[in-house]
Amino acid sequence: MKTAVGTFLLLLVINGVVSVEWKHSAVLDNNFLVLWTPDEKDVTFEIQVKTLGYVGLGFTKDDGRAGADMVIGWVDNNGQVHLQDRHVKDASRDPQMDSSQDYRLLLGYENKTHTVLRFSRRYDTCDPRDLKITNDTMQVVWQYHVEEPVSAAGILPDHGAVRGSRPLYLVQRDAQPRRNSRNQETDPPLKIWDILNKQVRLPMGQDTLLWCRVLRMPSINQKHHVVKYEPVIQPGSHEYLHHMTLYECRGDQAELESAAETTGGVCYVPDKPTFQCNTIAATWSLGSEGFNYPPEAGYALNPYAGPRYYMLETHYTNPQLDAFISDSSGLRLLYTDRLRGHDAGILSVGIDPNWRHIIPPGQPEVVSEGHCIADCTGQTIPNSGINMFAVIMHTHQLGRKVRLRQIRASEELPPIAADTNYDPNYQEYRRLQRPVKVYPGDHLVTECTYSSESRTAITLGGLGTREETCLVSVLYYPRIELSLCYSLPSLPTVLHSLGIQKLIQASSPVMIQEPPNLKGMTLEERLVSYDWESNFQSFQEATRSGTFKPLCGSSKGALPGTENLEVHYPRILRPYEEASVPCAKKPLRNKLSMLLSEDGDIGAPVDPDSDESNAVERGQLVRSKVSRSSDAGPTAGSSCGRTVSAAVILAAVTVVAGAAFR
Ligand SMILES: *[C@@H]1O[C@H](CO)[C@@H](O)[C@H](O)[C@H]1NC(C)=O
Ligand SMILES: *[C@@H]1O[C@H](CO)[C@@H](O)[C@H](O)[C@H]1NC(C)=O
């Protein structure tokens, strides 16, 4: 059979079950589920949308829709599946067709309620109309409608589309653990420790509240590993929760015990006992769904060694000053006595939250850096190194980019993690694809880039929401003593960056002595009135090249010999240069004929790396997962092995001129 130009339809109707294991999934809105698996070169997606009209999924960098790379598809009345690579030129209008079609349809069907489309694409399609899928935060946009386009050309219905967008990590994402039925039978159920607040009342007329509650660990009589944790959010509280961090506490056990008998109080109040609760055990931030430890490591709960008290710090925000808000949210830790190979720890690297961290107003790019010096890693990391497997980045509202850099013996290695499209409202763990080794003597730098264009006044470092931070918390194993590895600009660096030569000794408020034209001005006045517009470059240089004070904290306090140091930026003789891979575009045409040729017998030899063989693999993937309902009855879908029972129309594809079928 030969076809010249036109539309070709291949129907493969199976009254059976198509089941594919997906690595990730996300509910975009209650009617829109996306599942995906990032592979070596391609990412395969499936969207399951509760509509019989058209559906669309896209990617963009910021939260505006303009510039979004979108794919639009539908199943028409003849059962034919359409998939179109498009882009959004003007946010108020529907996406327009790309001249280069770079999405590959793998499967599509409709049942009584849903439209399901499965397709794949390259990370980098080389089409400037498409967006590269990278490790950066991606804004995912979606769109669907009760109606289909009126014609195959795809003119979308005028009004009534449902649209949305949200940030997601597509690649460095915590995988959902496999939940197949066999595992569930052999693994004993996980034990649950709920660490919850108890009816915390947000104070009237206050937009930020830090609440701290001390808790005793569950009564266990042997070591356990926490293998997973998740937020427990009281319905309606979501908008008031900014972050929750669980710390390990040391110190007077009797005092901790009496604190644990209360429901907590406002954190860090002067004249109240403060506990030594410094080491992070678990942390949740806005947008995060929790964390699963990798199979080789878990967080140790040990009644015979290590802490017995923990403190939950909850950062509430209430920008609208809503009244009578009471919250009982917290964290749920899931633990087991089946110990894993290693104890995991959390290491926080960045800038000490302190006023010396200065962000001038009105600037598109301000770079701040926090250092974890070679002395700190040298004293604490064993010679065999530690393995970093996940990171969570943290800034407040001005953060735009974050990188965790690694310098070893004056050579800069590739960044451990980097996001050039960081979104402060989406702070989720990134699971590194491969653990990164850090050895004693490595120097780490957390580099944060802020945009302060929205601010007319200076922003200082601190814990408040209008203040800024620059932190990366890293999960690693095996656990070491170091838990906080911060730095802050030294006083001379701060003064130099503000054009001040000397302060008047022991003055209060702090006053300037030199240069003479500033004599008698207070430091605070200088901060507020400094002409950032003309001095920004020299400020930035002075901050980055000046000395800083390292702060290396273990659970027992500062590491010996690291207090009162003033250190310089490490020498980097071999800087890291990002390899730029040239983009080679391959035609999409022939592989479709391959995909459609009968039963994977493709005749001609194929280059194993080519698109063609990939497509064949996908064809097989689709087909090999098809089993008859008599073999395996439809089962309830779980979060990763989703099961579809339907008449399946496998790959109805629009084939362009010249594609030949035997
Ligand atoms: C239709 O497909 C969707 C998505 O796979 C599924 O959730 C739903 O249960 C199916 N409905 C019917 C009636 O089979
Ligand atoms: C993500 O980062 C890892 C490690 O740096 C790198 O190997 C990988 O290629 C990146 N993935 C993408 C899609 O850019």
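Residues numbered from 1 in each chain as written. Chains lettered and ligands numbered in written order. Predicted model: local features only at pLDDT ≥ 70, side-chain atom pairs only at ≥ 80, totals over all residues. Heavy atoms only, no water.

**Description of the overall build of the chain**
Logical step 1: Per the secondary structure count, the chain includes 8 helices and 44 strands.
Logical step 2: Expressed as a percentage of the 662 residues in the chain, the buried residues total 53%.
Logical step 3: Within the chain, residue pairs in contact and separated by at least 24 positions form 78% of the contacts whose partners lie at least 6 positions apart.
Logical step 4: Carbon and sulfur atoms make up 50% of the accessible area of the chain, which amounts to about 30200 Å² in all. (Helix = DSSP H or I, 4+ residues; strand = E, 2+ residues; numbered from the N terminus. Buried < 20%, exposed > 50% of the residue type's maximum accessible area, 1.4 Å probe, protein only. Contact = heavy atoms within 4.5 Å. Areas by Shrake-Rupley, 256 points an atom, 1.4 Å probe, with all protein chains shown as cover.)

**Comments concerning the site of ligand 1**
Logical step 1: Around ligand 1, the surrounding shell consists of Gln-48, Tyr-109, Asn-111, Thr-113, His-114 and Val-116.
Logical step 2: At 2.3 Å from an oxygen atom of ligand 1 is found a side-chain nitrogen or oxygen belonging to Asn-111.
Logical step 3: Taken by itself ligand 1 offers 360 Å² of open surface, and the protein chains cover 58% of this.
Logical step 4: For the shell around ligand 1, a count of residues per class yields 2 nonpolar, 4 polar and no charged. (Near = heavy atom within 4 Å. Polar contact = N/O pair within 3.5 Å; in protein donor to acceptor, adjacent residues only side chain to side chain. Nonpolar A, V, L, I, M, F, W, Y, C, P; charged D, E, K, R; others polar.)

**Comments concerning the nonpolar core**
Logical step 1: Among the nonpolar cores identified, the biggest contains 51 residues, and Trp-193, Leu-246 and Leu-301 are the most heavily contacted of them.
Logical step 2: Considering every element that reaches this core, the biggest residue donor is strand S16 (residues 208–216), with 6 residues.
Logical step 3: Residues lining this core come from more than one domain, with at least three contributed by each of domain 2 (188–337) and domain 3 (343–487 + 552–571).
Logical step 4: Leaving out residues up to four positions away in the same chain, Leu-246 has contacts with Ile-195, Thr-279, Ile-280, Ala-281, Ala-282, Tyr-310, Met-311, Leu-312, Leu-331 and Leu-333.
Logical step 5: Counting residues in each nonpolar core, the second largest holds 48 residues, with Ile-373, Leu-432, Tyr-476 and Leu-518 among its members. (Core = buried A, V, L, I, M, F, W, Y, C linked by side-chain atoms within 4.5 Å. Domains from an automatic or database assignment.)

**Comments concerning the state of the cysteines**
Formally, a disulfide is one covalent bond, and it connects the sulfur atom of one cysteine to the sulfur atom of another.
Logical step 1: Throughout the structure, instances matching the rule amount to 5 disulfides.
Logical step 2: Cys-448 shares a disulfide with Cys-470; S-S distance 2.1 Å. Where Cys-448 bonds to Cys-470 through sulfur, the torsion about that S-S bond is close to 90°, and the disulfide is right-handed. Linking Cys-448 in strand S34 (residues 443–450) with Cys-470 in the loop between strand S35 (459–460) and strand S36 (471–477), this pair joins segments that are 22 residues apart in sequence.
Logical step 3: Owing to a relative accessible area of 0%, Cys-470 belongs among the buried residues under this scheme. (Disulfide = S-S within 2.5 Å.)

**Some thoughts on the layout of surface pockets**
Logical step 1: By volume, the second largest pocket is sized at about 1000 Å³.
Logical step 2: Together, 41 residues line the second largest pocket, and Cys-212, Tyr-247, Tyr-268, Met-311 and Glu-313 are the ones closest to its centre.
Logical step 3: Broken down by element, the lining of the second largest pocket gets its largest block of residues, 5 residues, from strand S20 (residues 276–285).
Logical step 4: Broken down by class, the residue content of the lining of the second largest pocket amounts to 20 nonpolar, 16 polar and 5 charged.
Logical step 5: Summarising the domain contributions, the lining of the second largest pocket has at least three residues from each of domain 2 (188–337) and domain 3 (343–487 + 552–571). (1 Å grid on protein atoms, 1.4 Å probe; cavity = no way out; pocket = protein on both sides within 12 Å on 5 of 7 lines; lining within 4 Å. Points joined across faces, edges and corners; volume = space filled by probe spheres on them.)

**Brief notes about the site of ligand 2**
Logical step 1: Around ligand 2, the neighbouring residues are Tyr-123, Ile-133, Thr-134, Asn-135, Gln-172, Gln-433 and Arg-434.
Logical step 2: Its free accessible area being 360 Å², ligand 2 has 53% of it covered by the protein chains.
Logical step 3: Class assignment for the residues of the shell around ligand 2 results in 2 nonpolar, 4 polar and 1 charged.

**A word on empty space enclosed by the protein**
Logical step 1: Within the structure shown, the criterion is met by 5 cavities of 30 Å³ or more.
Logical step 2: As for the largest cavity, its lining consists of 18 residues, of which Ile-351, Ser-368, Glu-369, Pro-489 and Thr-543 are closest to the centre.
Logical step 3: Every element with two or more residues in the lining of the largest cavity is listed here: strand S29 (366–372), strand S37 (482–489) and helix H6 (532–545).
Logical step 4: Ranked by residue count, the leading element in the lining of the largest cavity is S29, at 4 residues.

**Here's the deal with the sheet that holds strand S31 (residues 399–408)**
Sheet strands pair via backbone hydrogen bonds, and the direction of the pair is either parallel or antiparallel.
Logical step 1: Reading across from one edge, S29-S34-S31-S32 is the order of the 4 strands in this open sheet, with antiparallel pairing throughout. The outermost strands of the open sheet, each flanked by one partner alone, are S29 and strand S32 (411–419). Adjacent strand axes in the sheet meet at a mean angle of 20° when their direction is disregarded.
Logical step 2: Bridge analysis of S31 against S34 gives 8 bridges, and the strand direction is antiparallel. When the bridges of S34 are listed, Gln-406 appears paired with Leu-444. (Pairing = 2+ DSSP bridges. Axes fitted to C-alpha atoms, helices over the stretch in contact; angles between N-to-C directions.)

**A look at the environment of Leu-256**
Logical step 1: Residue placement: Leu-256 occurs in helix H2 (residues 253–260).
Logical step 2: Beyond its immediate chain neighbours, meaning those up to four positions away, Leu-256 contacts Val-214, Cys-249, Arg-250, Gly-251, Phe-275 and Tyr-309.

**Examining H6**
Logical step 1: Between the first and last C-alpha of H6 there are 18 Å, a value that for 14 residues agrees with the 20 Å anticipated at 1.5 Å per step.
Logical step 2: Along H6, the sharpest change in direction is near 35° and occurs at Ser-538.
Logical step 3: Buried within H6 are the following residues: Trp-532, Phe-536, Phe-539, Gln-540 and Ala-542. (Expected span 1.5 Å × (residues − 1). Bend = angle between axes of the 7 residues up to and from the residue.)

**Some points on the pairing of strand S11 (residues 115–122)**
Logical step 1: By the criterion of burial, S11 is predominantly enclosed, with 8 of the 8 residues buried.
Logical step 2: A two-sided burial pattern is seen for S11, the buried positions comprising Thr-115, Leu-117, Phe-119 and Arg-121 on one face and Val-116, Arg-118, Ser-120 and Arg-122 on the other.
Logical step 3: Strand direction decides the pairing type here: strand S5 (residues 42–49) and S11, joined by 8 bridges, are antiparallel. What sits directly across from Ile-47, in S11, is Leu-117.
Logical step 4: Strand direction decides the pairing type here: strand S10 (residues 104–110) and S11, joined by 6 bridges, are antiparallel. In the strand pairing of S11, Tyr-109 is matched with Val-116.
Logical step 5: In this structure, the hairpin formed by S10 and S11 is closed by a connection of 4 residues.

**What to know about the sheet that holds S11**
Logical step 1: Reading across the sheet, the 5 strands line up as S3-S4-S5-S11-S10 and stay open at both edges, with antiparallel pairing between neighbours. Bordering the open sheet on either side are strand S3 (24–29) and S10, each of which pairs with just one other strand. In this sheet, adjacent strand axes meet at a mean angle of 15° when their direction is disregarded.

**Topic: the confidence of the model for the chain**
Logical step 1: Per-chain confidence: the chain averages 82 in pLDDT, with 83% of residues scoring 70 or above.
Logical step 2: Taken element by element, the predicted model of the chain shows its lowest mean pLDDT in strand S42 (residues 626–628) (27) and its highest in S34 (98).
Logical step 3: Across residues 1–17, where pLDDT falls below 50, the model places 52 contacts with residues more than four positions away in sequence or in other chains.
Logical step 4: Counting interchain partners and residues more than four positions distant, the pLDDT-below-50 stretch residues 589–662 has 153 contacts. (pLDDT = per-residue confidence, 0-100.)

**Overview of the environment of Trp-74**
Logical step 1: Within the fold, Trp-74 resides in strand S7 (residues 69–75).
Logical step 2: By relative accessible area, Trp-74 is classed as buried at 1%.
Logical step 3: Along the chain, Trp-74 and Gly-56 lie 18 residues apart, while their C-alpha atoms are 8.7 Å from each other.
Logical step 4: Leave out the neighbours within four places in its chain, and Trp-74 touches Gly-53, Tyr-54, Gln-80, Val-81, His-82, Gln-84, Leu-117, Glu-148, Pro-149, Ser-151, Ala-152 and Gly-154.

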